[in-house]
Amino acid sequence: SRSYPSIFIVYHCIHCIAGARWETSYLMSWPLVSCILITAFLAVSADQETCEQYPTASASLVQRSSISSLTLSHTNESAQETETERSTRERWIPVDTDMKKDMANAKNAVENAKNASTKPSGWKQDLARIQAGDGKSQSDHIDYTAMTATAISALLSNAFLCATVLGLFSVLHNRYPLVFRGNVLEGKVPMDMDRNWVASSLAVDLDKIESGLGLDACMAIKYSSFGAQLMLTIGMPNLLLFSPLHRWYGEGGLEHTDLFASWSMANIKIYHPWLYHLHAIAVIWAVLAVRKLVFQAQSRFVTRRMSWMKGLQYPRANTVLVEEIPKDCRSKEQLQKFFCDNLGPDSVVCVEMVMQTKTLEDSIQLWNNAKTKLTESKGYFEREGLRPTLGRFQGFPHNLLYCFGPDSADSADALDYFTAEMAKYELQIKEMRDAINREAQKGEGDQNNQNTHSAFVTFRSRKDAEIAKALEFSGCRCCSEWVISEAPEASAIRWQDLSQEARSGKTVAIGYLLMLFLLANFSPICLAISSAASEIDMGMLQPLWAALAPTLGLTIFLSMLPTVLLLILSNFFTLRSEPLAQHQLQMWYFHFQAVCILFLPIVGSDFRNFAKQILQDSSPSSVLKLLADRIPLSSQFFFSFVVLQWSVACMEILRMAVLGKFLLFRAMHTEKEARDMAEPEDQEFYGMGGRFARWSLNLVIGCIFCGVWPLVTLVTLVQFLLQRVAYGYLFAFAETKKADSGGEFWSESLSQLLYSMVLFAVGMCGLLLHRSSSLIPAAVAFVGVVIAVISVWQFQTGFRWRSLPIPEVVAIDRESLSKATQPNAGIYKHPALRDDSEI
């Protein structure tokens, strides 16, 4: 009665997933649902039937290792221990007279253990203390009797801050339209001025966002809606179902001490006869729900991505980036001949070699600095009616508040000086350009010191560009020559990275070691911040302190992490473009957050004790046992952390750094110039990579704790609703357009979510294995692990979104072949070498 339905569930789930089309939903497949319900019913009825049939086995729920360990700890009769273990192993065999006597002995041993002076140790002692309402757990310092007060303090304080910030924004966005409605004033995105800003944010047209600001901005807004939909789908059923069950039927004792604590899984007593079976079914349902929504969202993204790729303009659509070019082909003529010989004559329109321009770029930077100072000197002259001296202009701070500098002995005229400086640098720049172009035309191979290993090749047809990316031009797969990829947006190219030779294996290895060193040092600091904040007693303000201090300190400290990560990535890894740098930041930042925020609170403040327990019993079951202990105990931290993200999302809409720079520069420049100088916002923390990494972590927290403490999913739902309003406005109306990756951040975030569901299912398996009286809940939850793993594999291999099918490419070429004659074919030339560009 127990084994057959479980086996059928595994078979049916694998069959459904392996044969499912992306748009088909198996979430409500009646055969699967019926088998799950039948299994749960049989499991519960079998336990009840066993207790009724064998009244002497009233301790049957405390089975296997529990009876053996208690008997071993509190009974000195070894024969009685053996009979106890034998009786529990044979619990399903019909009981004869001798066996009933043995089970009676086991029952007496359990009663003696309860009355013994020595209390049970380890995680069961901590959990028993909490369920008994004794206050704090010794290992985790969590006071469940104050959970409601702490949660309400977090909700009220962050709600008040959000209301204050949004009220302030309602005033500022009308007073400074260039900062908060710049895209509308420039005509990139329409805005109905009769609506309030909240309604305008919710009513943005994603198609117009995509065409005006790029696919990444469109999918960033869409991700907030997706997160809210996911939390509503898996959060509300868990909240409405499990919160009452935890409180009324958990029998853990917390219903007498704390309201919110009694809604969590910590209120379920160990070896509860049936509630863990429902949680096992909920694990499968949650994994299937996430899978369905993720695959539906990715399918819609693929459609939008195909439309975006069809709309790519020439020359980007027809250009490829070629790296690791052999030395005998590092010239325009040789490279063009190589591709024409392989792909057909006249297939190449333009070849732009990446050159060594470091010295030229330094001179251009000096010219720009002189131009800025000349502009400020003219502004001072027009404002004060006096020609500024060089000494006054060079005073502190000369680049911001030039009119307040000290008057030194240098009385040279600033206007004449900076005009002469600009003329000097213009002459140097012209000479350097001519020298670089002459050197590039000398020849090929080692004789050419200007051309690097990289180049941009623009083809006459888009089909040739797609074929070039798909073909192998190197004779050996092990060789790193002729690496061809899609050309990034011209304005986002990191020319210095492309001009350098590929990073050596030692350099990359040092980069990985620095990442490991950073993780090893950040983790203890994060633990110390959280633990120190938890140890401080603030008296009457303790609930407010417990709600804000641990998570606020951790959030502020981790806000510096993107800067350090980008510093390592830029110096030890090759980053061809800004979107690629942000994509790498997204992956590393998410992993660091998963360790420092998601994993460490579960480990607890005493990491040494945790590691000691793992080393003493280095088996997977020991890890699962510790997870079973600590996951319910850490839910309060994650509740406060997600609530704090409400304020983080609302604070970003104020754009405080950009607004401050705008007000400062406006004192010396026009408002248009001041806005150009103030934009964009800091791309280390506010870039696409950092934002998507933080959003993914919030969504993962909501999914992982959907059954442990359903209130976490409720506050995560509110977080994504606030995020939709705040970032919907920022991306659409306020922030300038960024370089577009074409949806890399979106796809990476969904992949991270699916990987996290594997961890969620594994963690719940361990929790159910060590807290349930039967193996059936863990076995049923293991089906969720299988589904999650298969979902990850299907997501990685089933969606083809990076390139267009060849028939569609050929159709595009027929319609737009004449665009190859447009004069902007040299857009991939280095900006410092362009004749028609401003220095």
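Refer to the preceding data block for the structure.
Residues numbered from 1 in each chain as written. Predicted model: local features only at pLDDT ≥ 70, side-chain atom pairs only at ≥ 80, totals over all residues. Heavy atoms only, no water.

Novice: I'd like a rundown of the overall build of the protein chain, residues and numbers included.
Specialist: Each helix and strand counted, the protein chain has 34 helices and four strands in total. Here the analysis covers contacts within the protein chain between residues at least 6 apart in sequence; of these, 80% occur between residues at least 24 apart. For the protein chain, the accessible area works out to roughly 37900 Å², and carbon and sulfur atoms hold 59% of it. (Helix = DSSP H or I, 4+ residues; strand = E, 2+ residues; numbered from the N terminus. Contact = heavy atoms within 4.5 Å. Areas by Shrake-Rupley, 256 points an atom, 1.4 Å probe, with all protein chains shown as cover.)

Novice: Can you break down the nonpolar core residue by residue, with the values?
Specialist: Of all hydrophobic cores here, the largest spans 161 residues; its most connected members are Phe 226 and Leu 230. Sort the elements by how many residues they give to this core and helix H14 (residues 275–310) lands first, with 20 residues. Once residues within four sequence positions are removed from consideration, Leu 230 is found in contact with Gly 235, Val 290, Leu 293, Leu 699, Cys 703 and Leu 753. (Core = buried A, V, L, I, M, F, W, Y, C linked by side-chain atoms within 4.5 Å. Buried < 20%, exposed > 50% of the residue type's maximum accessible area, 1.4 Å probe, protein only.)

Novice: A description of the sheet that holds strand E4 (residues 483–486) should follow, citing residues and the corresponding values.
Specialist: What the four strands build is an open sheet, ordered E2-E3-E1-E4; its pairing is antiparallel. Only two strands of the sheet have a single partner each, and these edge strands are strand E2 (348–355) and E4. Looking at each pair of strands side by side, their axes are set apart by 25° on average, direction ignored. Two elements, E2 and strand E3 (residues 451–459), share six bridges in a ladder whose sense is antiparallel. Of the residues in E3, the one forming a bridge with Val 351 is Val 457. (Pairing = 2+ DSSP bridges. Axes fitted to C-alpha atoms, helices over the stretch in contact; angles between N-to-C directions.)

Novice: I'd like to hear about the packing of aromatic side chains, residue by residue, with values.
Specialist: Scanning the entire structure with this criterion turns up 40 aromatic pairs. Aromatic pair Trp 197 and Tyr 729: ring centres 6.0 Å apart, planes at 85°, arrangement edge-to-face. Pair noted here: Trp 197 is in helix H10 (residues 197–202) and Tyr 729 is in helix H31 (residues 711–734), with a separation of 532 residues, a long-range link. Tyr 729 shares its class with Trp 197; the two are buried. Aromatic side chains Phe 339 and Phe 459 sit 5.7 Å apart centroid to centroid with 90° between the ring planes, which places their arrangement in the edge-to-face category. With Phe 339 in helix H15 (residues 332–343) and Phe 459 in strand E3, this residue pair connects regions lying 120 residues apart in the sequence. (Phe/Tyr/Trp six-rings, centres within 6.5 Å; stacked < 30°, edge-to-face > 60°.)

Novice: Describe the packing of helix H12 (residues 215–249) against helix H30 (residues 688–704), and please don't skip the residues or the numbers.
Specialist: Packing of H12 against H30 brings their axes to within 10 Å, and their N-to-C directions diverge by 10°. In terms of orientation, H12 lies roughly parallel with respect to H30. For the pair H12 and H30, contact is made by Asp 216, Ala 217, Met 219, Ala 220, Tyr 223, Phe 226, Gly 227, Leu 230, Met 231 and Ile 234 and by Met 688, Phe 692, Trp 695, Ser 696, Leu 699, Gly 702 and Cys 703, respectively. Of the residues in the contact of H12 with H30, the class split is 13 nonpolar, three polar and one charged. (Parallel < 35°, antiparallel > 145°, perpendicular 65-115°, else oblique. Nonpolar A, V, L, I, M, F, W, Y, C, P; charged D, E, K, R; others polar.)

Novice: Account for the environment of Met 688, naming residues and giving values.
Specialist: Locating Met 688 in the fold gives a position in helix H30. Distance in space between the C-alpha atoms of Met 688 and Lys 738 is 9.0 Å, their sequence separation being 50 residues. Residues in contact with Met 688, not counting those within four places in the same chain, are Asp 216, Ala 217, Ala 220, Gln 582, Phe 731 and Phe 745.

Novice: Please set out helix H7 (residues 147–175) residue by residue, giving values where relevant.
Specialist: End to end, H7 covers 42 Å across 29 residues, agreeing with the expected 42 Å (1.5 Å per residue, within 8%). Among the residues of H7, those classed as buried are Met 147, Thr 148, Thr 150, Ala 151, Ser 153, Ala 154, Asn 158, Cys 162, Val 165, Phe 169, Leu 172 and His 173. (Expected span 1.5 Å × (residues − 1).)

Novice: Account for the pattern of salt bridges, with residues named and values stated.
Specialist: Tallied over the entire structure, the rule returns 29 salt bridges. Residues joined in a network through salt bridges with shared partners are Glu 652, Arg 655, Glu 679, Glu 681, Arg 691, Arg 694, Glu 735 and Lys 738. (Salt bridge = Lys/Arg side-chain N within 4 Å of Asp/Glu carboxyl O.)

Novice: Pulling in residues and values, what's your account of the side chain of Arg 694?
Specialist: Here Arg 694 is to be found in helix H30. With a relative accessible area of 9%, Arg 694 lands in the buried category. Setting aside chain neighbours within four positions, we find Arg 694 in contact with Tyr 589, Gln 593, Glu 652 and Phe 685.

Novice: I'd like to hear about the pairing of strand E1 (residues 319–323), residue by residue, with values.
Specialist: A regular strand places its side chains on the two faces of the sheet in alternate fashion. Burial runs high along E1: five of the five residues are buried. In E1, alternate side chains face the same way, and those of Thr 319, Leu 321 and Glu 323 on one face and Val 320 and Val 322 on the other are all buried. With four bridges connecting them, E1 and E3 associate as antiparallel partners. From the neighbouring strand, Val 322 faces E3, where its bridge partner is Ala 455. One ladder, built from four bridges, connects E1 with E4; its direction is antiparallel. Along E4, the bridge assignment pairs Leu 321 with Ser 485.

Novice: So what's going on with the packing of H12 against H31? Residues and values would help.
Specialist: With their axes 8 Å apart at the nearest point, H12 and H31 run at an angle of 160° to one another. When the axis of H12 is compared with that of H31, the two are roughly antiparallel. Note that H12 runs across H31; the crossing there is left-handed. Its residues assigned to classes, the contact of H12 with H31 shows 16 nonpolar, eight polar and one charged. (Left-handed = near helix turned anticlockwise from the far one by under 90°.)

Novice: Which residues make up the environment of Cys 329, and what values go with them?
Specialist: Relative to the assigned elements, Cys 329 resides in the loop between E1 and H15. We classify Cys 329 as buried; its relative accessible area is 11%. In the structure, Cys 329 is positioned 124 residues away from His 453 in sequence and 9.1 Å away in space, judged by C-alpha atoms. Each residue touching Cys 329, except ones within four places of it in the same chain, is listed here: Gln 334, Leu 335 and Trp 482.

Novice: An account of the environment of Leu 699 is needed here, citing residue identities and associated values.
Specialist: Among the structural elements, Leu 699 can be located in helix H30. Beyond its immediate stretch of four places on either side in the chain, Leu 699 contacts Tyr 223, Phe 226, Gly 227, Leu 230, Met 231, Phe 720 and Leu 753.

Novice: An account of unusual backbone geometry is needed here, citing residue identities and associated values.
Specialist: Cis geometry is adopted by the peptide bond preceding Pro 315, which originates at Tyr 314 and carries an omega value of 10°. Residue Pro 680 is bonded to the preceding Glu 679 through a cis peptide linkage, with omega at -10°. Along the chain, Pro 680 falls in the loop between helix H29 (671–678) and H30. Unusually for a residue other than glycine, Asp 346 sits at a positive phi of about 60°. Mapped onto the elements of the fold, Asp 346 is located in the loop between H15 and E2. Its identity as a non-glycine residue notwithstanding, Arg 655 has a phi of 50°, on the positive side.

Novice: Give a description of H29 that names residues and reports values.
Specialist: Those residues of H29 that sit buried are Ala 674, Arg 675 and Ala 678. Buried residues along H29 cover an arc of 100° about the axis, so they all sit on one side. Buried residues belonging to H29 abut helix H8 (177–180), helix H9 (182–185), helix H28 (656–666) and H31. (Arc of directions from axis to C-beta.)

That is the geometry; function is a separate question.
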